[in-house]
Amino acid sequence: MTTAIEFRDVTKCYGNVRAVDGVRLQIEAGEFFAMLGPSGSGKTTCLRLIAGFEAPDSGQILLDDNAVTALPPYERDVNTVFQDYALFPHMTVLENVAYGLRVRKVSRAEQQRRALEMLALVKLDAMAPRRPHQLSGGQRQRVSLARALINQPRVLLLDEPLGALDLKLREEMQIELKNLQRRLGITFVFVTHDQGEALSMADRIAVFDRGRIEQLDTPRGLYTRPNTAFVAKFVGGANVIEGALAQRLAGGASHDAPAFAVRAENILLGDVRNSAATDVMRCEGTIVDVQYHGAASRYQVRLSSGELLTAAAPDSIHQAHWRVDSAVSLSWSRDAVMPLQAAAASNST
Amino acid sequence: MRFERRPSTDGNGQPVRSSNAAARPSLFIRVAAFAGLAFMHLPVLVIVLYAFTTDDRTYAFPPPGLTLHWFDVAFARSDIWAAMRLSLRVAALATLCSIILGSLTALAMSRSRFRAKESITFLLILPLALPGIVTGIALLTAIKFASIDPGFWTIVAGHTTFCIVIVYNNVVARLRRLPPSWIEASMDLGADGWQTFRYIVLPQMATALLAGGMLAFALSFDEIIVTLFTAGHERTLPIWFFNELFRPRDRPVTNVVAVVVMVVTFIPILLAYSLTRSADERN
Ligand SMILES: Nc1ncnc2c1ncn2[C@@H]1O[C@H](COP(=O)(O)OP(=O)(O)O)[C@@H](O)[C@H]1O
Ligand SMILES: [Mg+2]
């Protein structure tokens, strides 16, 4: 595999905000790569650095092993699908899609032919003569996809491309985008704050927090082996147990784990008097909230030591007396424990 | 006076649209509104009416009779034609200069961010707010100081000072509404700076440019105060009017010329208005 994009200790500041803080990463050619993180964590800035709309304060960006840090956007073999689509309102759909060819002085007939081809690829050839404002949100999204793909870039950058669509359309587009990427073999860099979207679509995910990469891993790796408390909470909303409680639960275990995480679905809810087996961690508390989700319910439990944990149980094992204010015990197998690094995590690759 | 000719978009570039309230205004408000309109526009109608009167000295009402005679008289007078030609040439040239300078300034100001931006913006708008008499004296002093003979070019320069502002205001309001992502998308697709300007920015500001230019033209065409200070011996149409007021003969001729001027300035203003409005609706 070859490296399509490389960040070498890239930092970008706005005033005294470090939007991107010493990021080091490599994206393989043909990969579906997701940048995941809460709002303001620096994902968009990373994309803009790749596209060339921003220049890093320090560090280097390489595309196909060539430094592009000093190249303007129009000299980079990269195209972008913008969050607001950024379609040109004074051009028809066809002209929008053909724009990338027009500025490269491709003949009119060729422009027309290839633009129609791209529109057919996103199933919008019938809309060619329309104006962008005559299209629905989902259709605009596809036009902007077709426009970005017409120059056959090596890399396609997508900034929260599905954020403005409703749930059903979003799920359809997730599948369609994934298929398209597989068919074209283009490297996709996909920015999202939706962990479900990242987990279901990406080959690898970089989790961002405050301009740094907290963890870079496959979706399964992130979910089953989160490195830090932040990742454990952000991806899948795991319970993070630290400090005195972690010490007590770990007991005289082999290593003194400073912190660990447990997923809600791995926590077994039980009545207090149940005794426990030895390979199980166990604590007690009071239910403060029950959320019914159909197939499963989520119980928020306040421990006597003050921590709040969430347990998820399938509806089949729900007990009528598990209500707010009832005392319950929580237990989980030691296999379900995911050890975490201490707070200040280093960038992993 | 000059402020009343400002373009139809407000400072934020938002189209001013009346809400379509179901409630009709009360009778009193409606009568008051019509009275206000009549107060503003009846004098104009009077001017038009007396362009056709058979009485050449007084403004007796009603006019004793109606005639097209004064149009013949006006069209035969070479001094009117000369003044008209001069005014048209000045307005055309001042408009051209202000379109070029005003839009370049707007592009520069909307692209850059620097500390003195606020003060520079203020300096740019100032000529519009400054009383014409101050501009006039300032220009005259400058002309004398540089020992230039006042004439055609000094009038053009004087008019350009405030026409630039009109174009600048129009264009800057439009550029402010131009999403930066459009420019980025264009560059992303391979267009360099010039292509992006040509294919994206220019089409987006074209109507604003045209509207600003038309308003500038109308403004220059009937400007008198600054002109008086910068004209030297040249006589633009407004100066011709001014002189004609002191001559009692052939009075309806001035009315005829006034009607022509009204038409000449009104058409571009109406066009500018409809252009900015349709562009606002499209976006
Ligand atoms: N043009 C800018 N000017 C100033 N601050 C900015 C700018 N762009 C981004 N930032 C700041 O940089 C940080 C990262 O922003 P961004 O990359 O947009 O995050 P994300 O896309 O993950 O939501 C935020 O704190 C944001 O406020
Ligand atoms: Mg963002």
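Because the structure is predicted, anything quoted here is derived from the model rather than measured.

Draft legend 1. Representation of the overall build of chain A. A count of helical and extended segments in chain A gives nine helices and 18 strands. Structurally, chain A occupies a C-alpha span of about 80 × 45 × 40 Å along its principal axes. Counting every position in chain A, which comprises 349 residues, the buried fraction comes to 51%. Here chain A holds 39 positive side-chain charges and 39 negative ones, and the gap between their average locations is 5 Å.

Draft legend 2. Summary view of the overall build of chain B. The number of helices and strands found in chain B is eleven helices and zero strands. Overall, chain B shows an N-to-C arrangement of helices and strands of α-α-α-α-α-α-α-α-α-α-α. A burial count over chain B gives 41% of its 283 residues as buried. The long-range fraction of contacts in chain B, counting pairs at least 24 apart against all pairs at least 6 apart in sequence, stands at 75%. For chain B, the computed accessible surface area is about 15,900 Å², with 69% contributed by carbon and sulfur atoms.

Draft legend 3. Representation of the environment of Val155 of chain A within the structure. Residues and elements named next belong to chain A. The residue Val155 is located in strand E7 (residues 155-159) in this model. In this structure Val155 comes out as buried when scored by relative accessible area, which is 2%. Sequence separation between Val155 and Glu31 is 124 residues; the distance between their C-alpha atoms is 9.5 Å. Each residue touching Val155, except ones within four places of it in the same chain, is listed here: Ala4, Ile5, Asp77, Val78, Asn79, Ile186, Thr187 and Val189.

Draft legend 4. Quick look at the domain arrangement of chain B. Residues and elements named next belong to chain B. Partitioning chain B into domains gives domain 1 (26-67) and domain 2 (78-282). Averaged C-alpha coordinates put domain 1 and domain 2 at centres separated by 31 Å. Across the boundary between the two partners, domain 1 contributes eleven residues, which contact ten residues of domain 2. Roughly 860 Å² of surface becomes buried between domain 1 and domain 2 when both sides are summed, with 61% attributable to carbon and sulfur atoms. Counting the contacts that link domain 1 with domain 2 gives zero salt bridges. Seen at the junction of domain 1 and domain 2, the total is one residue pair in polar contact (both at pLDDT 80 or more).

Draft legend 5. Main features of the site of ligand 1. All names here are of chain A. Taken together, Tyr14, Val17, Ala19, Pro38, Ser39, Gly40, Ser41, Gly42, Lys43, Thr44 and Thr45 make up the full set of residues adjacent to ligand 1. With respect to ligand 1, the backbone of Ser41 contributes an N or O atom lying 3.1 Å from an oxygen atom. Measuring from an oxygen atom of ligand 1, one finds a side-chain N or O atom of Lys43 at 2.9 Å. Those elements that provide at least two residues to the shell around ligand 1 are strand E2 (17-28) and helix H1 (43-51). Looking at the shell around ligand 1 element by element, the count peaks at three residues for H1. For the shell around ligand 1, the residue count by class is four nonpolar, six polar and one charged.

Draft legend 6. How the structure looks around the side chain of Ser181 of chain B. Examined against the element boundaries, Ser181 of chain B turns out to sit in helix H7 (residues 180-188). Setting aside residues up to four positions removed in sequence, Ser181 of chain B forms contacts with Phe82, Asp84 and Ala86 of chain A.

Draft legend 7. Quick look at the interface of chain A and chain B. Listed as interface residues are 25 residues of chain A and, on the opposing side, 18 residues of chain B. Summed over both partners, the interface of chain A with chain B comes to about 1,900 Å²; 59% of that surface belongs to carbon and sulfur atoms. Remark: the boundary between chain A and chain B carries one salt bridge. For the interface between chain A and chain B, the tally reads ten residue pairs in polar contact (both at pLDDT 80 or more). Broken down by secondary-structure element, the contributors of at least two residues to the side of chain A that touches chain B are H1, strand E6 (78-81), helix H2 (93-102) and helix H4 (137-149) of chain A. Its residues placed into classes, the side of chain A that touches chain B shows 14 nonpolar, five polar and six charged.

Draft legend 8. Layout of the sheet that holds strand E3 (residues 32-36) of chain A. Residue and element names in this part refer to chain A. Overall, mixed pairing links the six strands, which are arranged E6-E7-E8-E3-E9-E10 in an open sheet. Edge positions in the sheet fall to E6 and strand E10 (212-217), since each of these pairs with one other strand and no more. Pairwise comparison of adjacent strand axes, ignoring direction, gives a mean angle of 20° for this sheet. Where E7 meets strand E8 (residues 187-192), five bridges bridge the pair, whose relative direction is parallel. Paired with Leu157 across the bridge in E8 is Val189. Against the sheet, H1 contacts E3, E6, E7, E8 and strand E9 (204-209), and its axis sits at roughly 150° relative to E7.

Draft legend 9. The packing of aromatic side chains, seen in detail. Taken as a whole and assessed by the stated rule, the structure comprises 14 aromatic pairs over all chains. Residues Phe242 of chain B and Phe246 of chain B carry aromatic rings whose centres are separated by 6.0 Å and whose planes lie at 85° to one another, so their mutual orientation is edge-to-face. Under the relative-accessibility criterion, Phe246 of chain B is labelled exposed at 63%. An aromatic cluster of three or more residues is present, and its members are Phe32, Phe188 and Phe190 of chain A.

Draft legend 10. How the structure looks around the environment of Ser329 of chain A. Residues and elements named next belong to chain A. Structurally, Ser329 can be placed in strand E17 (residues 327-333). Placed 62 residues apart in sequence, Ser329 and Ile267 show a C-alpha to C-alpha distance of 9.8 Å. Not counting residues up to four positions away in its chain, the partners in contact with Ser329 are Leu268, Leu269, Gly270, Asp271, Val272, Arg282, Cys283 and Glu284.

Draft legend 11. Structural view of the sheet that holds strand E11 (residues 239-242) of chain A. Residues and elements named next belong to chain A. Taken in spatial order, the three strands make up an open sheet running E11-E12-E18, and their pairing is antiparallel. Each edge of the open sheet carries a strand with a single partner, namely E11 and strand E18 (338-339). Relative to E18, strand E12 (residues 259-262) runs antiparallel, the two being bridged by two bridges. Looking at the pairing, Ala261 lines up with Met338 of E18. Lying over the sheet, helix H9 (residues 243-250) contacts E11 and E12, oriented at roughly 85° with respect to E11.

Draft legend 12. Local environment of the domain arrangement of chain A. According to the domain assignment, chain A consists of domain 1 (3-225) and domain 2 (239-337). If you average the C-alpha positions of domain 1 of chain A and of domain 2 of chain A, the two centres end up 41 Å apart.

About the cut-offs
- Residues numbered from 1 in each chain as written.
- Chains lettered and ligands numbered in written order.
- Predicted model: local features only at pLDDT ≥ 70, side-chain atom pairs only at ≥ 80, totals over all residues.
- Heavy atoms only, no water.
- Helix = DSSP H or I, 4+ residues; strand = E, 2+ residues; numbered from the N terminus.
- Buried < 20%, exposed > 50% of the residue type's maximum accessible area, 1.4 Å probe, protein only.
- Lys, Arg positive; Asp, Glu negative; His and termini not counted.
- Charge placed at Lys NZ, Arg CZ, Asp CG, Glu CD.
- Contact = heavy atoms within 4.5 Å.
- Areas by Shrake-Rupley, 256 points an atom, 1.4 Å probe, with all protein chains shown as cover.
- Domains from an automatic or database assignment.
- Buried area = accessible area lost by both parts, 1.4 Å probe.
- Salt bridge = Lys/Arg side-chain N within 4 Å of Asp/Glu carboxyl O.
- Polar contact = N/O pair within 3.5 Å; in protein donor to acceptor, adjacent residues only side chain to side chain.
- Near = heavy atom within 4 Å.
- Nonpolar A, V, L, I, M, F, W, Y, C, P; charged D, E, K, R; others polar.
- Pairing = 2+ DSSP bridges.
- Axes fitted to C-alpha atoms, helices over the stretch in contact; angles between N-to-C directions.
- Phe/Tyr/Trp six-rings, centres within 6.5 Å; stacked < 30°, edge-to-face > 60°.

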